[in-house]
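Structural characterization, general
What follows is the residue order along each chain.
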Amino acid sequence: MSGVQIVTVGPDEGDQRLDRWFRKRFPHVPQGRIEKMCRKGEIRVDGGRVKGASRVSAGQEIRVPPLPDEAAPQPFHAEPRVSDADARMIQSAVIYRDDHIIALNKPPGLPTQGGSGQTRHVDGLAEALRFGFDDKPRLVHRLDKDTSGVLILARTRTMAKELVEALKHRGTRKIYWGAVAGVPHPRMGVIKFGLVKAPGHGAGGEGEKMRCLHPDAVRTTEGAKRAETHYATLSALGGRLSWCALEPITGRTHQLRAHMAELGHPIIGDGKYGGSGQENLGDGWGAQLGGGMSRKLHLHARSLTLRHPATGATLALTAPLPDHMARTWEALEWRPSDAPADPFDPDAGI
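Residues numbered from 1 in each chain as written. Predicted model: local features only at pLDDT ≥ 70, side-chain atom pairs only at ≥ 80, totals over all residues. Heavy atoms only, no water.

1. Notes on the packing of aromatic side chains
Each aromatic ring pair is characterised by the separation of its centres together with the angle its planes make. By the definition in use, this model includes six aromatic pairs. On the numbers, 6.1 Å between centres and 70° between planes, the contact of W21 with F22 is edge-to-face. For the pair W243 and W329, a centre-to-centre distance of 5.7 Å together with 65° between the ring planes defines the contact as edge-to-face. Placement of the pair is W243 in strand β16 (residues 241–248) and W329 in helix α7 (residues 323–331), with a sequence separation of 86 residues. The pair W243 / W329 is uniform in exposure class, with both members buried. Of the aromatic side chains, those joined through ring pairs into one cluster are W177, W243, W329 and W334. A cation over an aromatic ring shows up here: R97 above the ring of F131, its NZ or CZ 3.9 Å from the ring centre. A cation over a ring is seen here: R155 above F133, with NZ or CZ 3.9 Å from the ring centre. (Phe/Tyr/Trp six-rings, centres within 6.5 Å; stacked < 30°, edge-to-face > 60°. Helix = DSSP H or I, 4+ residues; strand = E, 2+ residues; numbered from the N terminus. Buried < 20%, exposed > 50% of the residue type's maximum accessible area, 1.4 Å probe, protein only. Lys NZ or Arg CZ within 6 Å of the ring centre and 35° of its normal.)

Laid out in C-alpha cells, this is it:
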C-alpha cells in the first residue's frame, strides 16, 4: 500500500470531473472505490470534501489516500496534439455547449471528416473540444467541405446514438441560406428530383457528383434515392441574383447544390454544379458573381432546431454567416435581421 499523496492537477488536466482525473492517474482503481473514498472524505481537493462529479482545475492539490501499489500514479499523457492555432480556431467556432452536445459554426473549407488527401478536419480537431471529458466529441452528421454553418457533435457515446435518432425526427429542422443565380419562379416551392451518383471517376471528381432524375424514375434507377428540398426566396437583385432559404427534408449528398442547379439557379461559387457552362435563368452569370465578389461557395447551414435528447427542451441553434458571405450580403444590402425566423411559415410574408 502507498501512503497518503498530495498530487497537483497539471496544466493540461484541468476542467474535468474529479473521478475522470482520478481514473487517468490511477487506472487500476475502480469507479465504485473512487466514489466511496469521496463519500468518506478520504479524497479531498484543496483540503475540502468533494464528490466524484466535482470539477478540478489546474493547480489544485488533491489528497489521495493510501492505495494498492499497483495503482501507483501514472504520468499524464496528452492526447495526440492539435496545434495551438487549430485548437484556438476550432474552440472559437463553438456556438453552444452543455454536458451532452457541442455545436460549431463550421468554417468553410474545413472538411467534416478525413478522406483522400484530407488530414485536417473537424473529426481530428475535435481532440481540442474535450473540455474535460474523457473522449473527444463524436460526429453525428456532416456538412460538405465548402459549406459553413451549424454542425453538432455528441459528447458521449450514448448521446451520439440519441442525436442520430433526433436528427431523423420530423420535428428537427435545418435551414440553409444560399445566394443563387437568377430568381426562382415561383419564388417559393418544393423540389422533388431524385438523386443518383453520376458515373465516372475523372480528375474533375465526376464520381462524387450527383445527378438529378424525375421522381418517377427513382424506383427504376439503380442506386437512386428520393430527395426533397423546400426553398423560399427572401430577396432578389433584379432578375440576376437571389437570397434563398433552403430546407432539406431528406439528407442526400450534395442535395441542395444539385437541386438548385437542376432548377436553373445554381448556388454562387459552386464550381461542381454551376460552372460557367451551367444554363440558368440568371442572365448568364453561371455560379459566379464576378467583379470583386468572393468565388467561394455561398451556402451556409444557418439554423438547426431539434428536441434536446437529454432535457427534452427545444434547442434552437443559429450560426452567423462566414466572412465571405457576410461581405456579399453587405454589398447587396441584404440584412440577416430582415429574414423571418421561419421562412416557410405561410404567415411569414415571403
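2. Brief notes about the pairing of β16
Across the eight residues of β16, eight count as buried, placing the element largely inside the fold. Along β16, one buried face is formed by L241, W243, A245 and E247 and the opposite face, lined by S242, C244, L246 and P248, is buried too. The pairing of strand β11 (residues 173–181) with β16 spans six bridges and is antiparallel. Looking across to β16, one finds that G178 is bridged to C244. By the bridge criterion, eight bridges tie strand β15 (residues 229–237) to β16 in an arrangement that is antiparallel. Bridge assignment links T233 to a residue of β16, and that residue is C244. Between β15 and β16, which pair antiparallel and follow one another directly, the connecting turn spans three residues, one of which, G238, has a positive phi of 60°. (Pairing = 2+ DSSP bridges.)

3. Brief notes about the UniProt feature "active site" (unreviewed entry) in the chain
On the UniProt side, "active site" (unreviewed entry) is annotated at positions that read D144 here. You can see D144 is positioned in the loop between β9 (138–139) and β10 (148–154). Given a relative accessible area of 14%, D144 falls into the buried group. Residues in contact with D144, not counting those within four places in the same chain, are K106, H254 and R257. (UniProt positions renumbered as here; feature names shortened; annotations may be inferred. Contact = heavy atoms within 4.5 Å.)

4. So, the pattern of salt bridges
Tallied over the entire structure, the rule returns 17 salt bridges. Of the charged contacts in the structure, one is a salt bridge between D134 and R23, with a shortest N-O distance of 3.0 Å. Remark: R23 occurs in helix α1 (residues 18–25) and D134 occurs in the loop between α4 (122–125) and β9; sequence separation between them is 111 residues. We classify R23 as partly exposed; its relative accessible area is 29%. The partner of D135 in a salt bridge is R138, and the shortest N-O contact between them spans 3.9 Å. (Salt bridge = Lys/Arg side-chain N within 4 Å of Asp/Glu carboxyl O.)

5. Quick notes on helix α2 (residues 31–39)
Working note: α-helix, 3.6 residues per turn, so residues spaced by three or four point in the same direction. Looking at α2, one finds that the buried residues are I34, M37 and C38. With its buried residues spanning 100° around the axis, α2 presents them on a single face. (Arc of directions from axis to C-beta.)

6. Quick notes on the environment of H100
Following the sequence through the fold, H100 ends up in the loop between β7 (94–97) and β8 (101–106). Placed 208 residues apart in sequence, H100 and H308 show a C-alpha to C-alpha distance of 9.1 Å. Here H100 is in contact with L153, A154, R155, M159, H308 and A310, once residues within four sequence places are set aside.

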